[in-house]
Structure formats: structure tokens, C-alpha cells
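# Observations on the model geometry
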Amino acid sequence: MTDPDTRLAALWAEDAPPERDPVFVVAVMERAARRRMAFEVAGLFPGALAATALLWAAGPLVMRGARVVLPILASPALAVTAGGLTLAATLWLWLGDRWEVFWDGNEGDAIQA
């Protein structure tokens, strides 16, 4: 006959959990990421509240100045130029150093996706 401890050890070895549980690991990582995000959002809240209060307080002053500036800004050429500059700045900030996605560095050879 076998020892009862040996039999129990053999039974427990059959039902042993895996060394790594990917579902559990992902769940823990997701929970940690959500917690970090909540702390980041909570950290941004006072600044957003202060900016909102500042813009609300400056509203009447901005509207007074807007009556003077709006006729000048109504020019279509100025609107197109501002839109182009905004688009260029957005692409520059968004892509950063990732321009090689569109261009491989060889003159005249655009990468074909």
C-alpha cells in the first residue's frame, strides 16, 4: 500500500494550476492601467477647473476684443492659411519622428503601402 500523503500529493499534482495564467495576468495589468489612468485624470482635474474659471472670467474681455478683430479675420485667405498651418502643426506633433512611415529617406522614393 502507498502512503496516504503520497496519494494526496499525486491527486493535488493532477489539479495543480498552471505556472502562468495569461488571463489573470492581463486582468491584473488592465486593473493597474485603469488605476493609473484614474490617478492621471484626477491630477488633471484641478488644472482643467482653473483653466475653465480663467476662460469664464476672461470671456467679456475677449468678446470686446473680438468685435474689433473679427472683421479682419473674416478674410477667406486668412482662414485657408490658418487651416493649413493648423494641419501642418498637427501632423508634425502627431507624427514626430515617425516620418519614415511615409518616406524611407531616399529622394523621390515614397513607400508604397
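Owing to the predicted nature of the structure, the values given are computational and were not obtained by experimental measurement.

Attention now moves to the overall build of the protein chain. Scanning the protein chain from N- to C-terminus turns up three helices and zero strands. When the helices and strands of the protein chain are placed in sequence order, the string is α-α-α. Counting over 113 residues, the protein chain shows a buried share of 2%.

Moving on to the pattern of salt bridges. All chains considered together, the criterion is met by one salt bridge. Arg-34 is the salt-bridge partner of Glu-30, the closest N and O atoms lying 3.0 Å from each other. Here Glu-30 pairs with Arg-34, and both are found in helix α2 (residues 22-73), just four residues apart, close to one helical turn. Of the residues examined, Glu-30 reaches a relative accessible area of 41% and is grouped as partly exposed.

Attention shifts here to the confidence of the model for the protein chain. Regions with low pLDDT should not have their predicted coordinates read in detail. Counting all residues, the mean pLDDT for the protein chain is 79, and 81% of those residues have values of 70 or more. Per-element confidence in the protein chain is highest for α2, whose mean pLDDT is 87, and lowest for helix α1 (residues 4-14), whose mean pLDDT is 81.

What follows concerns a nonpolar patch on the surface. On the surface, Phe-24, Val-25, Val-28 and Met-29 cluster together to form a nonpolar patch covering roughly 400 Å² of accessible area. Inspection of the secondary structure puts Phe-24 in helix α2. The class of Phe-24 is exposed, set by a relative accessible area of 54%.

Basis of the calculations
- Residues numbered from 1 in each chain as written.
- Predicted model: local features only at pLDDT ≥ 70, side-chain atom pairs only at ≥ 80, totals over all residues.
- Heavy atoms only, no water.
- Helix = DSSP H or I, 4+ residues; strand = E, 2+ residues; numbered from the N terminus.
- Buried < 20%, exposed > 50% of the residue type's maximum accessible area, 1.4 Å probe, protein only.
- Salt bridge = Lys/Arg side-chain N within 4 Å of Asp/Glu carboxyl O.
- pLDDT = per-residue confidence, 0-100.
- Patch = residues over 30% accessible without salt bridge, like charges linked within 9 Å, V, L, I, M, F, W, Y side chains within 5 Å.
- Areas by Shrake-Rupley, 256 points an atom, 1.4 Å probe, with all protein chains shown as cover.

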